[in-house]
Amino acid sequence: MSVRQSSFLTGNMNDFNVILGICIPFFGTSLGAAFVFFMRKKYNGQISPVLMGITSGVMMAAAIWSLLLPSIDRSEHLGRLAFVPAAGGFLAGVAFLLVLDRLIPCILSRADRSEQGGGGRHKIVMMMLAITLHNIPEGMAVGVVFSGCLSGTVEMGIQAFLLSLGIAIQNIPEGAIISMPLAGAGKSRKRAFVCGVLSGLVEPVGAFITILLTRQIEQLLAFLLAFAAGAMVYVIVEELVPESSGCQASGKGTIGFAVGFVLMMTLDVAFG
């Protein structure tokens with residue numbers, strides 16, 4: 001463990017900023033999960049396409065401006081081959097989540113479908129799994145950026161916090177997407193809230209572990225940034241877009257995507 005990493009564990013003002021930064025996305029998930037306490041008795045599923053669309057838009061913009069472009073910038077010394085680490089990392093991120101998405105849901109699917117009336121619950125479980133899975137690379141993305149700040153290769157500035165803020169914004173509808181349907185399916189609001197919060201807990205944990213490995217991953221930052229982007233785009237295409245573009249969505253998901261994309265793009269370009 002390097003001297004810089006040791007100081008991170010002992011704590012100073014800069015380290016406090018890092019801890020705050022990696023926790024911001026988790027606060028967003030918790031806020032979204034808390035929406036369950038304000039919902040009516042019956043869950044209105046018509047709001048889901050809008051929430052999914054906003055989440056997709058924010059994630060797509062974050063993947064481009066906060067992850068892929070910085071990945072390419074870090075590889076400028078490769079000249080015309082500067083795209084190689086970004087392309088390789090992106091495809092590896094897609095492949096990683098593809099494998100997880102095929103292995104883990106199969107186990108949960110068998111257990112859930114064996115229960116009576118498990119069809120609706122199965123869908124909720126799959127959504128919880130999808131969100132929790134993609135929170136892992138999101139946490140890694142935040143950890144990669146802040147580990148760069150700690151190692152001195154990335155300046156501690158608003159860019160790092162913008163990534164955390166952008167992920168936190170898209171985590172708000174994600175927390176609501178988990179807690180509100182669970183409450184509508186018969187779970188108590190407190191239990192539904194806890195489930196929503198727990199889905200986002202993997203983000204700060206993943207970010208913290210990534211930061212502890214700063215010295216080992218410093219040379220791989222370009223690849224890892226693109227890896228996180230690939231995983232995020234996989235979730236957008238595989239899970240969020242189909243859910244937001246259903247036959248009953250009537251364009252709500254598309255409008256939500258546009259709003260979320262422009263919001264994150266504006267934050268990143270104007271203040272990055």
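Residues numbered from 1 in each chain as written. Predicted model: local features only at pLDDT ≥ 70, side-chain atom pairs only at ≥ 80, totals over all residues. Heavy atoms only, no water.

A.B. asks: Would you mind going over the packing of aromatic side chains with me for this structure?
C.D. replies: A ring pair, where both rings are aromatic, is described by two values, the distance of the centres and the angle of the planes. A full pass over the atoms with the stated rule returns five aromatic pairs. Both rings, one in Trp65 and one in Phe261, keep their centres 5.7 Å apart while their planes meet at 65 degrees; by these two values the pair is edge-to-face. Placement of Trp65 in helix H3 (residues 48-73) and of Phe261 in helix H10 (residues 252-271) is noted, with a sequence separation of 196 residues between them. Residue Trp65 is classed as partly exposed on the basis of its relative accessible area of 25%. An aromatic cluster is defined as three or more aromatic residues linked by ring pairs; in this entry it consists of Trp65, Phe257 and Phe261. (Phe/Tyr/Trp six-rings, centres within 6.5 Å; stacked < 30°, edge-to-face > 60°. Helix = DSSP H or I, 4+ residues; strand = E, 2+ residues; numbered from the N terminus. Buried < 20%, exposed > 50% of the residue type's maximum accessible area, 1.4 Å probe, protein only.)

A.B. asks: I would appreciate a short explanation of the environment of Ser66 in the present structure.
C.D. replies: With respect to the element layout, Ser66 can be found in helix H3. We classify Ser66 as buried; its relative accessible area is 5%. C-alpha of Ser66 to C-alpha of Gly166: the two residues are 100 residues apart in sequence and 9.2 Å apart in space.

A.B. asks: Help me out: how do you make sense of the side chain of Ser30 in this one?
C.D. replies: Note that Ser30 resides in helix H2 (residues 13-33). Beyond its immediate stretch of four places on either side in the chain, Ser30 contacts Phe193 and Val197. (Contact = heavy atoms within 4.5 Å.)

A.B. asks: Before we go on, may I ask you to explain the side chain of Ser75 in this structure?
C.D. replies: As for its placement among the helices and strands, Ser75 is situated in the loop between H3 and helix H4 (83-113). For Ser75, a relative accessible area of 2% gives the class buried. Engagement of the side chain of Ser75 in a polar contact is seen with the backbone oxygen of Ser71, the distance being 3.3 Å. (Polar contact = N/O pair within 3.5 Å; in protein donor to acceptor, adjacent residues only side chain to side chain.)

A.B. asks: Can you walk me through helix H7 (residues 189-212) in this structure?
C.D. replies: Each α-helix turn comprises 3.6 residues. Residues three or four places apart therefore point the same way. With 24 residues, H7 extends 36 Å between its outermost C-alpha atoms, agreeing within 8% with the 34 Å of an ideal straight helix rising 1.5 Å per residue. Of all the bends in H7, the greatest measures close to 25 degrees and is centred on Ser199. Taken as a whole, H7 has its buried residues at Ala192, Gly196, Val197, Ser199, Gly200, Glu203, Pro204, Gly206, Ala207, Thr210 and Ile211. (Expected span 1.5 Å × (residues − 1). Bend = angle between axes of the 7 residues up to and from the residue.)

A.B. asks: For this particular structure, what's the right way to read the nonpolar core?
C.D. replies: Nonpolar side chains in soluble globular proteins generally cluster together in the buried interior. Counting residues in each nonpolar core, the largest one holds 51 residues, and the members touching the most others are Ile22, Leu67, Phe146 and Leu163. Of all the secondary-structure elements, those providing two or more residues to this core are H2, H3, H4, helix H5 (118-151), helix H6 (158-184), H7, helix H9 (221-244) and H10. Residue contributions to this core peak at 13 residues, all from H9. (Core = buried A, V, L, I, M, F, W, Y, C linked by side-chain atoms within 4.5 Å.)

A.B. asks: What should I look at first to understand a nonpolar patch on the surface in this one?
C.D. replies: Residues Val194, Leu198, Leu201, Val205, Phe208, Ile209 and Leu213 make up a contiguous nonpolar surface patch of about 580 Å² in total accessible area. Secondary-structure assignment places Ile209 in helix H7. Among the residues examined, Ile209 registers a relative accessible area of 46% and is labelled partly exposed. (Patch = residues over 30% accessible without salt bridge, like charges linked within 9 Å, V, L, I, M, F, W, Y side chains within 5 Å. Areas by Shrake-Rupley, 256 points an atom, 1.4 Å probe, with all protein chains shown as cover. Salt bridge = Lys/Arg side-chain N within 4 Å of Asp/Glu carboxyl O.)

A.B. asks: Honestly, the packing of H3 against H9 in this entry has me stumped. Any pointers?
C.D. replies: Viewed as axis vectors pointing N to C, H3 and H9 meet at an angle of 160 degrees, and their least axial separation amounts to 9 Å. Taken together, the axes of H3 and H9 are roughly antiparallel relative to one another. As for how H3 packs across H9, the hand of that crossing is left-handed. Here the residues of the contact of H3 with H9 are counted per class, giving 21 nonpolar, six polar and one charged. (Axes fitted to C-alpha atoms, helices over the stretch in contact; angles between N-to-C directions. Parallel < 35°, antiparallel > 145°, perpendicular 65-115°, else oblique. Left-handed = near helix turned anticlockwise from the far one by under 90°. Nonpolar A, V, L, I, M, F, W, Y, C, P; charged D, E, K, R; others polar.)

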